[in-house]
Amino acid sequence: MTSPGAARRLRYHTVRLRNRPDLVIGYVCLVALGFLVLGPLVEIVRDALTLQPYDLAYHPDGVVGSFSLFHLERVFASPLSPALFFRPLLNSLAVGFWVTAIGVSIGSLLAWLLVRTDIRCKGLLGALIVIPYMMPSWVMALAWISLFKNDRIGGTQGFVASFLGVQPPDWVSYGFFPIVVTLALHYFAYAYLLMSGALATVDSELEEAGAVCGMGRWKRLWRITLPLLMPALGSAIVLTFIRILGTFGTPALLGLPVRFFTFATQIYASINARNNGDAFVLALVLIVIAISFIWINSRIIGIRKSFVTLTGKGFRRREIRLGLWRLPLTAAVGLFVASTVLVPLSILLWESLILVAGDYSLDNLTTHFWIGQGNVRLAYGEAGVLLNNGILTALWNSLKLATLAALFNGVLGLLVGYAVVRGRGTRLSRGLEGIAFAPYIFPSIALGAIYIGMFSAPIGPIPALYGTFAILVLITVVKNLPFTSRTGIAAMLQIDTSMEESARVLGIGWFRRMARIIMPLSMSGLVSGMLLTFITAMRELSLIVLLLSPANMVLTGVIFYYQEQSMPQHSSAVTLLLVLIIILVNVLVRLVSRGAGVSGLKNS
Amino acid sequence: MAQIGLSGIRKAYGREVVVHDLDLTIRPGEFLTILGPSGCGKTTTLRAIAGLEEPDDGDIHLGEKLVFSRRRGVIVPPEKRGVGLIFQSYALWPHMTVQRNVSLALEEKGLGRAEIEARATQALETVQMTALGARYPSELSGGQQQRVAVARMIALRPQILLMDEPLSNLDAKLRLDMRAELLQLHRDLGSTTVYVTHDQAEALTLSDRIVVMDRGRVMQEASPYEVYHHPRSLQVAEFIGEPRINLVPGTLAREAGTLYLVGDGVRLPAERARAAKGERLVAAVRPENIELSTVPVAGWQEVRLDNVQPTGATTILQVCAGATRLRLVRPGFLRIEAGIPLWIGFDADSIEFFDPDTQGNVSAP
Ligand SMILES: Nc1ncnc2c1ncn2[C@@H]1O[C@H](COP(=O)(O)OP(=O)(O)O)[C@@H](O)[C@H]1O
Ligand SMILES: [Mg+2]
């Protein structure tokens, strides 16, 4: 085997690595990401197909680790299957379908109004519309509960019951209907961002060319505009659908009280019941569904075009005149935006300020839940949010998690972008780009589940990370990688190779080139990528809910806990605190980076 | 002074071989130009010398040092080769001032502050850019950016200068000025320079030696005089010289003891052709080597003047002899009417002959 030729080639390639830092980075990233992204997948497939210690209750004489179809049978073909698999499947698909349909429609309509018409107050409306993007997806669900809670489920009543004296029916208060409505009112923002980016890049000259050719208005829309928008629309649909499959907070808050399970909440329930095997099988099914969707989309749209990136490149566009409809439509959009942002936040504020839950009269207002000392007769003696050690620790953890994840993601995005762009056209480059993109197809809750499978025991030098803070950082970094690596690639593509090559020839080493040339030139992209990771990490629940432990609680976990404990004032107050911090950091980073000359900051 | 040695350099992108087994030695202190049409592999060769491109085969020596050898497993990275390179796009760092662009690499070398300051100032002085040290590249004109790129390079005092079409982004007038400055720079630094261009005039004016490349192969390697007067192949003959050389295909025939090349409507003396009568050849004659008269001359050939293009210092004339069109150049601004008859004569020593099949030069030396 070791002919002189082979030995010589090997030596050459070793020497070559010293000359090509991008190759070294590429290989290291590829191996590390392979381990972090594909490793867990292999691990849960193995766990799902073998007997685990927790299965011995059912199989007392089984051998742990031996091959078994036990989990598959339980999920797909046992008396438990309808409750464990089929009903959650139907629920998830139904919720996913309706939320996607409604959310993408609203988002596209708003995008069209704001980009292509002469609607008023564009700047303000545009800024407000993306605020849902910065809030946890289940803020709306919390507000909904405060509004429509009825007495049948137990606990206190909500606004509607209290003010109108009528108990809303169960289908309004909990379950399918409110889940769809609240999720749609959050996820339209994603579709809006994608579609407005696409609309802004569709050159209206193309449409005018159509008009010159004698096409009518509708034909133009059908034959020119829509085909150009198809890639963005396809991405918006698939992206929204996958996110909804993996979302945990809203179905948990609005579904669990009436035992309405989606895949996400069923995975959570199975893990809580220590039936990890079931959860792994369900997670695998989720991943399969997500992959099929991406595949179908890429078939229809064409693989190259199936994922559009957002650009803000503006053409001279002719705005469509709304005429008489201008003011009414402006008002309607304003009202809608307000109802998705201001209404839920106001409700939560009010909820956080009442002494006895369910009594919304003015003389029941109090600041106890914000700044009160613990009182044994109220809320199990929990102190107000701002004086509560548990909450402040969770806040500190959240900030730490989001900051660390943002930093790691920034560095990783830069390195992946560097290796991918420098190696353009090679297999290493394509492989790395692909693997950095892979976490995108794992619905959040499924990724959480497979991380349990992977890190509950030590792997080589890596200790068992389950229950530690490190695993939270790890999974957050991995989940956000598709976006940051894309930002990194886009930023690197902007920098001409000769910028670095001229430095090389002048004798400047790799670290200095990175620090002095590559990083400054890609700063604006990096900052916006990191900011996005920070926001996502602050508001994340679905991804980490399975991995949280009391020692490593974060704010979103605290909110969920208080809601489960029927302590709406606390959960509302903490939610407000969270949203406030996210918006504050967002504004701060933008101010600082603008001050530092970083321009063109844009959410992507 | 450093010598540059390339031997057996081969580079392919996928299936497409863009440099074929290139052997080239550049003598210490020489100004060598690689000349060739766009896409012929000039930049690839230059980048291989700088270390930015890894050839698939071959060895590269800079001075005494082996800096690349596929066989022996040697790759010295560009940052350790100590060459100066000017990119076609200048590649200035847009987020740094001119001063900083020049001093960054000096800092990397670990020089003292005063030394850095002195060298950067001196380099900027050399290119007369001292006054603009605080500007950013985007605030400079093309020519000024070019000067900064030069200053950045010479501040490191490299023994070897590599320039990739440094003048192609400048306007015509500036190009002439910068040409002279770059040559002066080469002389002052006493460096070995490899200059890449597709502009044959630049190559002829600047070089000690020219390497003409086409499709990844060296077509000719010689002094500008040699390349111009004795091109080794038809391609080189056509590529060099402005206005283009005249090509006359024809058959060798002997008349009254003299060998002629008989074309369609013209007859050229073919004493220098190394071929037997009856063979088909292509004669190539430079426009300035055709003699011209407005009155009949014995032994000259009558032609008709087709059109006249005065450029100022010279005038280009196009004449028609039978079906053959010929270009002529005369000094000065000629005022002459198209359509009149003229007489042209050939000097047997200034005609080169090529084999139309192999394209090779078949003239006696
Ligand atoms: N990175 C690359 N990938 C693929 N082909 C390349 C690459 N760089 C250059 N080439 C090809 O190699 C040939 C020579 O390129 P180059 O050396 O830049 O030519 P020149 O500088 O003489 O114009 C061209 O045909 C070009 O298309
Ligand atoms: Mg070139």
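Numbers given for residues are sequential positions, taken from 1 along each chain in its written order. For naming, the first written chain is A and the first written ligand is 1, with later ones following in the order written. Only residues with pLDDT of 70 or above have their local features reported here, since the model is predicted, and side-chain atom pairs are shown and tallied only from 80 upward, although totals for entire chains, interfaces and linings are computed over all residues. Only hydrogens and water are set aside; all other atoms, that is, all heavy atoms of the structure, feed into the side-chain values.

1. Focus: the overall build of chain A
So, step 1. Helix and strand labels come from DSSP, where a helix needs a run of H or I of at least four residues and a strand needs a run of E of at least two; each type is numbered from the N terminus. When helices and strands are tallied, chain A shows 25 helices and zero strands.
So, step 2. Across its three principal axes, chain A shows a C-alpha extent of roughly 85 × 75 × 50 Å.
So, step 3. In what follows, a contact means two residues having at least one pair of non-hydrogen atoms within 4.5 Å. Look at the contacts in chain A between residues 6 or more apart in sequence, and 74% of them connect residues 24 or more apart.
So, step 4. Note on areas: these come from Shrake-Rupley sampling with a 1.4 Å probe, and a residue is covered only by the protein chains present in the view. Approximately 26600 Å² of chain A is accessible, and the part contributed by carbon and sulfur atoms is 67%.
So, step 5. Across chain A, the centroid of the 46 positively charged side chains sits 12 Å from that of the 25 negatively charged ones. For the purpose of charge, His is not counted, nor are the chain termini; Lys and Arg are scored as positive and Asp and Glu as negative. Where a charge lies is defined by one atom per residue type, namely NZ (Lys), CZ (Arg), CG (Asp) and CD (Glu).

2. A closer look at the domain arrangement of chain A
Residue and element names in this part refer to chain A.
So, step 1. All domain edges in this entry derive from an automatic or database-based domain assignment. When cut into domains, chain A gives domain 1 (21-47 + 419-551) and domain 2 (89-258 + 328-365).
So, step 2. Measuring from the centre of the C-alpha atoms in domain 1 to the corresponding centre in domain 2 gives 30 Å.
So, step 3. On the domain 2 side, the residues contacting the 11 residues of domain 1 number 14 residues.
So, step 4. Here the buried area means the combined drop in accessible surface, using a 1.4 Å probe, for two parts upon being joined, counting both sides. In this assembly, domain 1 packs against domain 2 so that about 1100 Å² is buried in total across both faces, 67% of it on carbon and sulfur atoms.
So, step 5. A per-residue breakdown of the area domain 1 buries against domain 2 is headed by Tyr440, Arg539 and Leu541, which together make up 47% of the total.
So, step 6. Think of a salt bridge as a Lys or Arg side-chain nitrogen and an Asp or Glu carboxyl oxygen that are within 4 Å of each other. Counting across the domain 1 and domain 2 interface gives zero salt bridges.
So, step 7. Two N or O atoms count as a polar contact when they lie within 3.5 Å, although within protein this holds only if one can serve as hydrogen donor and the other as acceptor, and sequence-adjacent residues are included solely when both atoms are side-chain atoms. Where domain 1 packs against domain 2, one counts three residue pairs in polar contact (both at pLDDT 80 or more).
So, step 8. If you tally residues by element for the side of domain 1 that touches domain 2, the top one is helix H23 (residues 510-539), at three residues.

3. Notes on the packing of helix H7 (residues 139-148) of chain A against helix H16 (residues 326-352) of chain A
Residue and element names in this part refer to chain A.
So, step 1. Axis definition: a line fitted to C-alpha atoms, limited for helices to the stretch in contact. Angles are taken between N-to-C directions and run from 0 to 180 degrees. Direction vectors running N to C along H7 and H16 enclose 55 degrees, while the axes themselves pass 9 Å from each other. Taken together, H7 and H16 sit at an angle that is classed as oblique. The crossing of H7 and H16 is left-handed. Listed contacts from H16 to Val139, Met140, Leu142, Ala143, Ser146 and Leu147 of H7 are Ser339, Thr340, Pro344, Leu345, Ile347, Leu348 and Glu351.
So, step 2. Under the scheme applied, nonpolar residues are Ala, Val, Leu, Ile, Met, Phe, Trp, Tyr, Cys and Pro; charged residues are Asp, Glu, Lys and Arg; polar residues are all the others, including Gly. Each residue belonging to the contact of H7 with H16 can be placed in one class, and the counts come to nine nonpolar, three polar and one charged. Here the word oblique covers every angle except those under 35 degrees (roughly parallel), over 145 (roughly antiparallel) and from 65 to 115 (roughly perpendicular). We call a crossing left-handed when the near helix sits turned anticlockwise from the far one by less than a right angle, and right-handed when that turn is clockwise.

4. As for the pairing of strand E19 (residues 324-331) of chain B
Residues and elements named next belong to chain B.
So, step 1. One ladder, built from eight bridges, connects strand E18 (residues 314-321) with E19; its direction is antiparallel. In the strand pairing of E19, cysteine 320 is matched with arginine 325.
So, step 2. DSSP bridges decide pairing: two strands pair if at least two such bridges lie between them. Turn length for the E18-E19 hairpin, with the two strands adjacent in sequence and antiparallel, is two residues, and the turn residue glycine 322 shows positive phi of about 60 degrees.

5. Overview of the site of ligand 1
Residues and elements named next belong to chain B.
So, step 1. Residues are classed as near a molecule or strand on a simple rule: at least one heavy atom within 4 Å of it. Taken together, Tyr13, Glu16, Val18, Ser38, Gly39, Cys40, Gly41, Lys42, Thr43 and Thr44 make up the full set of residues near ligand 1.
So, step 2. Measuring from an oxygen atom of ligand 1, one finds a side-chain N or O atom of glutamate 16 at 3.4 Å.
So, step 3. Here cysteine 40 contributes a backbone N or O atom positioned 3.2 Å from an oxygen atom of ligand 1.
So, step 4. Relative to its unbound accessible area of 560 Å², ligand 1 is 60% covered by the protein chains.

6. Thoughts on the pattern of salt bridges
So, step 1. Throughout the structure, instances matching the rule amount to 29 salt bridges over all chains.
So, step 2. Among the salt bridges present, the one from Asp278(A) reaches Arg74(A), with a minimum N-O distance of 2.7 Å. Of this pair, Asp278(A) sits in helix H15 (residues 276-301) while Arg74(A) sits in helix H3 (residues 70-76), and the two are 204 residues apart along the sequence. Both residues of the pair, Asp278(A) and Arg74(A), count as buried.
So, step 3. One salt bridge connects Lys42(B) with Glu165(B), and the closest N-O pair in it is separated by 3.8 Å. You can see Lys42(B) sitting in helix H1 (residues 42-50) and its partner Glu165(B) sitting in the loop between strand E8 (160-164) and helix H5 (172-189), a full 123 residues away along the chain.
So, step 4. Note on exposure labels: buried denotes an accessible area under 20% of the residue type's maximum, exposed denotes more than 50%, and partly exposed covers the range between, all computed with a 1.4 Å probe on protein chains only. On the accessibility criterion, Glu165(B) (9% relative accessible area) is buried.

7. Details of unusual backbone geometry
So, step 1. Omega for the peptide link from Glu242(B) to Pro243(B) comes to -5 degrees, which places this bond in the cis form.
So, step 2. Among the structural elements, Pro243(B) can be located in the loop between helix H8 (234-239) and strand E12 (246-255).
So, step 3. Located in the positive-phi region is Cys121(A), a residue other than glycine, with phi close to 55 degrees.
So, step 4. Note that Cys121(A) resides in the loop between helix H4 (81-116) and helix H5 (122-129).
So, step 5. Even without a glycine there, the phi angle at Glu165(B) is positive, about 40 degrees.

8. Structural notes on the interface of chain A and chain B
So, step 1. At the interface, 24 residues of chain A touch 36 residues of chain B.
So, step 2. Taking both partners together, chain A and chain B bury about 2600 Å²; carbon and sulfur atoms supply 58% of that area.
So, step 3. Sorting the residues of chain A by area buried against chain B places Tyr12(A), Val505(A) and Leu506(A) first, and these three jointly supply 28% of that buried surface.
So, step 4. Remark: the boundary between chain A and chain B carries seven salt bridges.
So, step 5. Applying the counting criterion to the chain A and chain B interface returns 14 residue pairs in polar contact (both at pLDDT 80 or more).
So, step 6. Going through the elements one at a time, helix H1 (4-19), helix H22 (497-505) and H23 of chain A are the ones with two or more residues in the side of chain A that touches chain B.
So, step 7. No other element matches the seven residues that H22(A) contributes to the side of chain A that touches chain B.
So, step 8. Looking at the side of chain A that touches chain B residue by residue, the class counts come to 10 nonpolar, five polar and nine charged.

9. Some points on the environment of Phe455(A)
Residues and elements named next belong to chain A.
So, step 1. Residue placement: phenylalanine 455 occurs in helix H20 (residues 444-455).
So, step 2. On a C-alpha basis, the gap between phenylalanine 455 and isoleucine 471 in space is 8.1 Å, while along the polypeptide they are 16 residues apart.
So, step 3. In contact with phenylalanine 455, not counting residues within four places along its chain, are Phe35, Leu36, Ala464, Leu465, Tyr466, Ile471 and Leu474.

10. Comments concerning the side chain of Arg152(B)
So, step 1. Among the secondary structure elements, Arg152(B) is positioned in helix H4 (residues 142-154).
So, step 2. Nearest to the buried, unbridged Arg152(B) among oppositely charged side chains is Glu501(A), at 10 Å.
So, step 3. Sequence-distant contacts of Arg152(B), that is, excluding residues within four places in its chain, are made with Ser502(A), Leu506(A), Tyr90(B), Ala91(B), Leu92(B), Trp93(B), Asn101(B) and Val102(B).

11. With respect to the side chain of Glu43(A)
So, step 1. By secondary structure assignment, the location of Glu43(A) is in helix H2 (residues 21-49).
So, step 2. Residue contacts for Glu43(A): discarding those within four places in its chain leaves Gly453(A) and Met454(A).

12. Description of the sheet that holds strand E11 (residues 217-222) of chain B
Residues and elements named next belong to chain B.
So, step 1. Reading across the sheet, the six strands line up as E7-E8-E9-E3-E10-E11 and stay open at both edges, with mixed pairing between neighbours. Unpaired on one side and paired on the other, strand E7 (83-86) and E11 mark the two borders of the sheet. The mean inter-strand angle of the sheet, taken between neighbouring strand axes irrespective of direction, is 15 degrees.
So, step 2. In the packing of H4 onto the sheet, contacts are made with E7 and E8, and the angle to E7 comes to roughly 170 degrees.

13. A closer look at H5(B)
Residue and element names in this part refer to chain B.
So, step 1. Taking 1.5 Å per residue, 18 residues should reach 26 Å; H5 reaches 26 Å between its end C-alpha atoms and fits that length.
So, step 2. Among the residues of H5, those classed as buried are Met178, Arg179, Leu182, Leu183, Leu185 and His186. The arc enclosing the buried residues of H5, seen along the axis, measures out at 155 degrees, which places them on a common side. Opposite the buried face of H5, by more than 90 degrees, sit the exposed residues Lys173, Arg187 and Asp188.
So, step 3. Of the surrounding elements, those touching the buried residues of H5 are strand E3 (31-35), helix H3 (113-126), H4, E8, strand E9 (192-197) and helix H6 (200-206).
So, step 4. In the segment just after H5, glycine 190 is the residue with positive phi, at about 60 degrees. Any helix carries an expected span of 1.5 Å times its number of residues minus one. Note that the arc is computed from the directions linking the helix axis to the C-beta atoms.

14. Things to note about the sheet that holds strand E1 (residues 4-13) of chain B
Residues and elements named next belong to chain B.
So, step 1. Taken in spatial order, the five strands make up an open sheet running E2-E1-E4-E5-E6, and their pairing is antiparallel. Each having just a single partner strand, strand E2 (16-26) and strand E6 (74-75) make up the two edges of the open sheet.
So, step 2. Both strand E5 (residues 65-69) and E6 contribute to a ladder of two bridges, which runs antiparallel. Opposite phenylalanine 68, over in E6, you have isoleucine 75 as the bridge partner.
So, step 3. Running over the sheet, H1 touches E1, E2 and strand E4 (57-62) and is turned about 120 degrees from E1.

15. Some remarks on the nonpolar core
So, step 1. We define a nonpolar core as any set of buried Ala, Val, Leu, Ile, Met, Phe, Trp, Tyr and Cys residues linked to one another through side-chain atoms lying within 4.5 Å. With 145 residues, the main nonpolar core has Phe248(A), Ile267(A), Tyr451(A), Leu472(A) and Leu546(A) as its most contacted residues.
So, step 2. Here this core takes 16 residues from helix H10 (residues 176-201) of chain A, the largest share from any one element.
So, step 3. The residue makeup of this core includes at least three contributed by each of domain 1 (21-47 + 419-551) and domain 2 (89-258 + 328-365) of chain A.
So, step 4. Core analysis: the next-biggest nonpolar cluster, separate from the first, contains 98 residues, Leu22(B), Ala50(B), Phe68(B) and Val76(B) among them.

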